[in-house]
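One-letter residues, chain by chain:
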Amino acid sequence: MDVNRQRLRRDIEENAAFGATDAESGRGRTVLAGTEANREARDRFVDRCTDAGLEVSVDAVGNVAATWFPENADPEAAPVATGSHLDSVPEGGIFDGPLGVYGALEAVRTLQESDLERSLERPVTVVSFTEEEGTRFGGGMFGSSVATGRRSVDDALAATDGDGIAVEDALESIGYRGEGILDAGAWDAFLELHVEQDTRLEERGVPVGIVTTITGIAHATAEFVGEANHAGATGMDERTDALAAASEFVLDLETRGREHAAAGEGTAVATVGKSRVHPNATNVVPGRVELGVDVRDVEYDTMEAILETATTSLERLEAERSVETGFEREIDVEPAPMDRRCRNALERAGAEAGIDTLELHSGAAHDAMRVSRVTDAGMLFAPSEDGLSHTPLEWTDWEDCATATRVLAGALANLAVADES
């Protein structure tokens, strides 16, 4: 059993034309949910699924599901599902998301063309989730949050973008406001193929990664309130500088992140990636600063320990620098271990195909994280050149795309045998 590498490449390259952006190097695309580029990408995907004999449906929040019924499969059996997303970040790459969607479709076509079809006892569903990146409507993993019951349809449809346009209206405008709810809990299992977005596979020369755990994520806002004053007329001993206090906080958080990474397996990370400085003028001592904090690890206790350090740092800075501080957690997602049955299916598929695999964690969130809360889920990675992603420089070799898809196809076959459940 082997995949059609040229067909897979053609699917991804033609999809890359939708929302294509000018880039000095590489190939970029901007495909935000509910835009014309998103409609074009969805239309092509639906057409390709229909051409392959899959039955397509669209739910109320635009999740697209295309199901194949193998010759001897029980049409009422819980399907094995696989897929990812077609949306992108602004000026993102061409593989993040589409490899998982078109790799899933190619895996199905590979099974259709193989001798394995007659042994499959479950349907196989290919999924494209709405708005995984969260770029336009915020939050991330938008469609999968509805499919897993974490968010209601009404709440999701009422969400708005920065211009006040609601999800419902955006989906209506492109013809993808469907009916019903895609129920991920009704799937027997789910597998997601994605580019690694790191260098571990590339460094070890291994073509396929099998994910053990998807990291947990906590986002918080730290606020520092001092006193804005004239930069020239305010003496150094007379200042309550909010930015200086915030700078110490950044270093405290970085230090604790490094300590936990060194003490563990290097999976803990702590980042301050956003700042708002007020009044943000060169000749004014900053009076207020807001920082965006991102903490991740595969162990939730470690995340909590790092965040506890953040509050301790704020208490110290209040005492030493006379600033007022605040700390609010907006996102708190626990790590998501991948199911052992799905990992076994992927490992077996790699071994049967003579393809080396490597166990590793995911430092980024994916739809499989949501799905793992309601059914068995697994995830596999293809190598990313130089670890680059969310950029036009994102690149995964076409042969690596095909190799990972071959493992995906084998794993789907392993899971689609009813007595394997």
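You'll find the structure just up there.
Predicted model, so just to flag it, every value in this text is computed and none were measured.

Would you mind going over the environment of Val-289 with me for this structure?
Its location among the elements puts Val-289 in strand β13 (residues 288-297). Between the alpha carbons of Val-289 and Ala-218 there is a distance of 20 Å; along the sequence they are 71 residues apart. Those residues in contact with Val-289, other than ones at most four positions away along the chain, are Ala-222, Glu-223, Phe-224, Ala-242, Leu-243, Ala-246, Arg-276 and Val-277.

I keep staring at helix α8 (residues 242-263) and nothing clicks. Help me out?
Two residues of an α-helix separated by three or four positions point the same way, owing to the 3.6 residues in each turn. End to end, α8 covers 32 Å across 22 residues, agreeing with the expected 32 Å (1.5 Å per residue, within 8%). Buried within α8 we find Ala-242, Ala-245, Ala-246, Phe-249, Leu-253 and Gly-257. Projected down its long axis, α8 carries its buried residues within an arc of 115°, all on one side. In α8, the exposed residues that point more than 90 degrees away from the buried face are Leu-251, Arg-258 and Ala-262. Looking at the buried positions of α8, the neighbouring elements they touch are β9 (216-225), β11 (269-278), β13, α9 (300-321) and β14 (324-333). N-capping of α8 is provided by Asp-241, with a side-chain oxygen placed 2.9 Å from the backbone N of Leu-243.

Any chance you could explain the nonpolar core here in plain terms?
As a rule of thumb, soluble globular proteins bury nonpolar side chains together. In terms of nonpolar packing, the biggest core is built from 54 residues, with Ile-12, Phe-45, Leu-54, Leu-191, Leu-380 and Leu-412 touching the most fellow members. The element contributing the most residues to this core is helix α12 (residues 398-415), with ten residues. Residues contacting Leu-412, with those up to four places away along its chain left out, are Val-80, Ala-81, Thr-82, Ala-107, Leu-111, Val-124 and Leu-191. Grouped together as the second largest cluster of nonpolar side chains are 26 residues, Ala-81, Met-141, Ala-368 and Met-379 included.

Please explain the packing of helix α2 (residues 36-51) against helix α3 (residues 98-112) as it appears in this structure.
For any two helices packed against each other, the geometry is given by the interaxial angle and the distance between the axes. Running from amino to carboxyl end, α2 crosses α3 at an angle of 10°, the nearest separation of the two axes being 11 Å. Relative to α3, the element α2 is oriented roughly parallel. Contact residues: Ala-41, Arg-44, Phe-45, Arg-48 and Cys-49 in α2; Val-101, Tyr-102, Leu-105 and Arg-109 in α3. Each residue belonging to the contact of α2 with α3 can be placed in one class, and the counts come to six nonpolar, no polar and three charged.

I'm lost on the packing of aromatic side chains in this one. Help?
Centre distance and the angle of the planes are the two values used to describe a pair of aromatic rings. Under the counting rule described, the total for this entry stands at eight aromatic pairs. Taking the centre distance of 6.1 Å and the plane angle of 65° together, the rings of Phe-129 and Phe-190 count as edge-to-face. One end of the pair, Phe-129, is in strand β6 (residues 124-129); the other, Phe-190, is in strand β7 (residues 189-195), with 61 residues separating them in the sequence. Grouping residues by exposure puts Phe-129 and Phe-190 together as buried. Between Trp-187 and Phe-190, the aromatic rings sit 5.6 Å apart at their centres with planes inclined by 20°, giving stacked as the arrangement. The residues Trp-187 and Phe-190 share a single accessibility class, namely buried. Through successive ring pairs, a cluster of aromatic residues spans Phe-95, Trp-395 and Trp-398.

Rules used in this analysis
Residues numbered from 1 in each chain as written. Predicted model: local features only at pLDDT ≥ 70, side-chain atom pairs only at ≥ 80, totals over all residues. Heavy atoms only, no water. Helix = DSSP H or I, 4+ residues; strand = E, 2+ residues; numbered from the N terminus. Contact = heavy atoms within 4.5 Å. Expected span 1.5 Å × (residues − 1). Buried < 20%, exposed > 50% of the residue type's maximum accessible area, 1.4 Å probe, protein only. Arc of directions from axis to C-beta. Polar contact = N/O pair within 3.5 Å; in protein donor to acceptor, adjacent residues only side chain to side chain. Core = buried A, V, L, I, M, F, W, Y, C linked by side-chain atoms within 4.5 Å. Axes fitted to C-alpha atoms, helices over the stretch in contact; angles between N-to-C directions. Parallel < 35°, antiparallel > 145°, perpendicular 65-115°, else oblique. Nonpolar A, V, L, I, M, F, W, Y, C, P; charged D, E, K, R; others polar. Phe/Tyr/Trp six-rings, centres within 6.5 Å; stacked < 30°, edge-to-face > 60°.

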